[in-house]
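What follows is each chain in one-letter form.
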Amino acid sequence: MSGDSILDYFRKDSLPHIWCPGCGHGTATGALVRAIRKLGLDKNKICVVSGIGCSSRAAGYLDFDTVHTAHGRALAFATGIKMARPQMKVIVMTGDGDTAAIGGNHFIHAARRNIEITAIVMNNSIYGMTSGQASPMTPKGMRGTTAPYGNVERSFDLCELAKAAGATFVGRATAYHVPLLVDLIEEALRNKGFSVVEALVQCPTYMGRKNKMGDAVRMLELFRDGTVNVKAASHLSPEKLEGKILIGELHRASAGEYSAEYRAMTSKVRRSYGEFKGGLYGCASNSD
Ligand SMILES: Cc1ncc(C[n+]2csc(CCOP(=O)(O)OP(=O)(O)O)c2C)c(N)n1
Ligand code: SF4
Ligand SMILES: [Mg+2]
């Protein structure tokens, strides 16, 4: 069953949401719902799994099967769900801290296995829920409650990590580039493997305030001005690309999907075990 209107995909009794005014998490959540609607996916065959963080609250607002799990562990729960219910479309809604800090290993290994899960990483470059600590995605020099004089650690590119670890679809958009975000999520949901969509979103309350970035609208303008579509990037000089973040479809590959390959392996073992048992019984009846 697919919904007639966007609201059909939300639990209306859990609205209004409790995200701060101007928070970008709602934009990413809306993009997911629009992609699901465009694809006409059956609401009853979708499971959304989240970890802990402001971003992970998204699962509670969505009218699918949803599981709000432990910090950093959404992909571990999602892996179990995909293995037990391979017919389900399994989607992870997660934050940058949830994915890249405490959940870093789950992220690497979900990509390495190429399990058919779509991970939407709502990256606001900070721990929003716990009041603005620096995350592995906080750029060097930016401020947070644990980096009052500027972050001395380097951040890293989550999409490059996903690609290197084996994800078969990787894309990035921002809360400013909503149609692109919807398209990328749609492509991710089509992919028969591990897909990552990094959604750069604004946290005006902590990231914006601590770094004097202005209000939510100004933060969206920073996304507009600080990004270049990967298609346009190939025509630009290194000077023009300096300091810009690439958005768009960043990587696509083909590889065996983990849950299908695991099932094929277990049924093969079962068959040969059955043949082996048949052989044993055959021996017994011969010797009788
Ligand atoms: C095991 C564990 N450690 C720490 C926490 C505290 N904690 C809750 S949310 C969070 C960070 C969330 O940041 P992120 O994933 O970026 O989500 P955001 O709130 O920014 O959307 C932390 C450290 C926790 N709940 N559980
Ligand atoms: S603290 Fe930041 S991430 Fe959390 S709801 Fe508010 S704006 Fe969004
Ligand atoms: Mg965050």
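Coordinates for the structure precede this section.
Bear in mind that the values here come from a model prediction, so they are computed numbers and not experimental data.

## Observations concerning the packing of aromatic side chains
Thinking step 1. Applying the stated criterion to the full structure yields four aromatic pairs.
Thinking step 2. Taking 6.0 Å as the distance between ring centres and 50° as the angle between the ring planes, the aromatic pair formed by Tyr 9 and Phe 64 counts as tilted. With Tyr 9 in the segment before helix H1 (25–39) and Phe 64 in the loop between helix H2 (58–61) and strand E2 (65–68), this residue pair connects regions lying 55 residues apart in the sequence. The two residues Tyr 9 and Phe 64 agree in class, both being buried.
Thinking step 3. Here the aromatic rings of Tyr 258 and Tyr 262 are separated by 5.9 Å at their centres, their planes lie at 45°, and the arrangement is tilted. Here the residue Tyr 258 and the residue Tyr 262 both occupy positions in helix H12 (residues 258–287), the gap between them amounting to four residues, near one helical turn.
Thinking step 4. Judged by its relative accessible area of 26%, Tyr 258 is partly exposed.
Thinking step 5. Lying across the ring of Tyr 258, Arg 113 places its NZ or CZ 5.7 Å from the centre.

## Things to note about the site of ligand 1
Thinking step 1. As a structural note, the neighbourhood of ligand 1 is formed by 17 residues, with Cys 54, Ser 55, Asp 96, Asp 98 and Gly 128 the closest of them.
Thinking step 2. Between an oxygen atom of ligand 1 and a side-chain N or O atom of Asp 96, the distance comes to 2.8 Å.
Thinking step 3. At 3.0 Å from an oxygen atom of ligand 1 is found a main-chain nitrogen or oxygen belonging to Ile 126.
Thinking step 4. Considering ligand 1 on its own, with 590 Å² of exposed area, one finds that the protein chains cover 72% of that surface.
Thinking step 5. In terms of residue count, the dominant contributor to the shell around ligand 1 is helix H4 (residues 96–102) (four residues).
Thinking step 6. Looking at the shell around ligand 1, its residues break down into six nonpolar, nine polar and two charged.

## Overview of the pairing of strand E6 (residues 195–200)
Thinking step 1. The element E6 is largely enclosed, with a buried count of six among its six residues.
Thinking step 2. Where burial is concerned, the two faces of E6 agree: the one with Ser 195, Val 197 and Ala 199 and the one with Val 196, Glu 198 and Leu 200 are both buried.
Thinking step 3. As judged from the six bridges shared by strand E4 (residues 117–123) and E6, these two strands associate in the parallel manner. Within E6, the residue paired with Ile 120 across the bridge is Val 197.
Thinking step 4. Judged from the six bridges that link them, strand E5 (residues 169–174) and E6 form a sheet pairing that is parallel. Paired with Arg 172 across the two strands is Glu 198, which belongs to E6.

## Overview of the site of ligand 2
Thinking step 1. If you check the shell around ligand 2, you find Trp 19, Cys 20, Cys 23, His 25, Cys 54, Asn 124, Gly 128, Cys 203, Pro 204, Thr 205 and Tyr 206 and nothing else.
Thinking step 2. Among the elements that make up the shell around ligand 2, the one with the highest residue count is helix H8 (residues 204–210) (three residues).
Thinking step 3. Classifying every residue of the shell around ligand 2 gives seven nonpolar, four polar and no charged.

## A closer look at the coordination of the magnesium ion (ligand 3)
Thinking step 1. Only Asp 96 (OD), Asn 124 (OD1) and Ile 126 (O) from the protein coordinate the magnesium ion (ligand 3), and they sit 2.1 Å from it.
Thinking step 2. All donors of the magnesium ion (ligand 3) come from a single chain, and their spacing in sequence reads D-x27-N-x1-I. Of this pair, Asp 96 sits in helix H4 while Ile 126 sits in the loop between E4 and helix H6 (158–165), and the two are 30 residues apart along the sequence.

Conventions adopted
Residues numbered from 1 in each chain as written. Chains lettered and ligands numbered in written order. Predicted model: local features only at pLDDT ≥ 70, side-chain atom pairs only at ≥ 80, totals over all residues. Heavy atoms only, no water. Phe/Tyr/Trp six-rings, centres within 6.5 Å; stacked < 30°, edge-to-face > 60°. Helix = DSSP H or I, 4+ residues; strand = E, 2+ residues; numbered from the N terminus. Buried < 20%, exposed > 50% of the residue type's maximum accessible area, 1.4 Å probe, protein only. Lys NZ or Arg CZ within 6 Å of the ring centre and 35° of its normal. Near = heavy atom within 4 Å. Polar contact = N/O pair within 3.5 Å; in protein donor to acceptor, adjacent residues only side chain to side chain. Areas by Shrake-Rupley, 256 points an atom, 1.4 Å probe, with all protein chains shown as cover. Nonpolar A, V, L, I, M, F, W, Y, C, P; charged D, E, K, R; others polar. Pairing = 2+ DSSP bridges. Donors = N, O, S within 2.8 Å, 3.2 Å for Na, K, Ca; no water.

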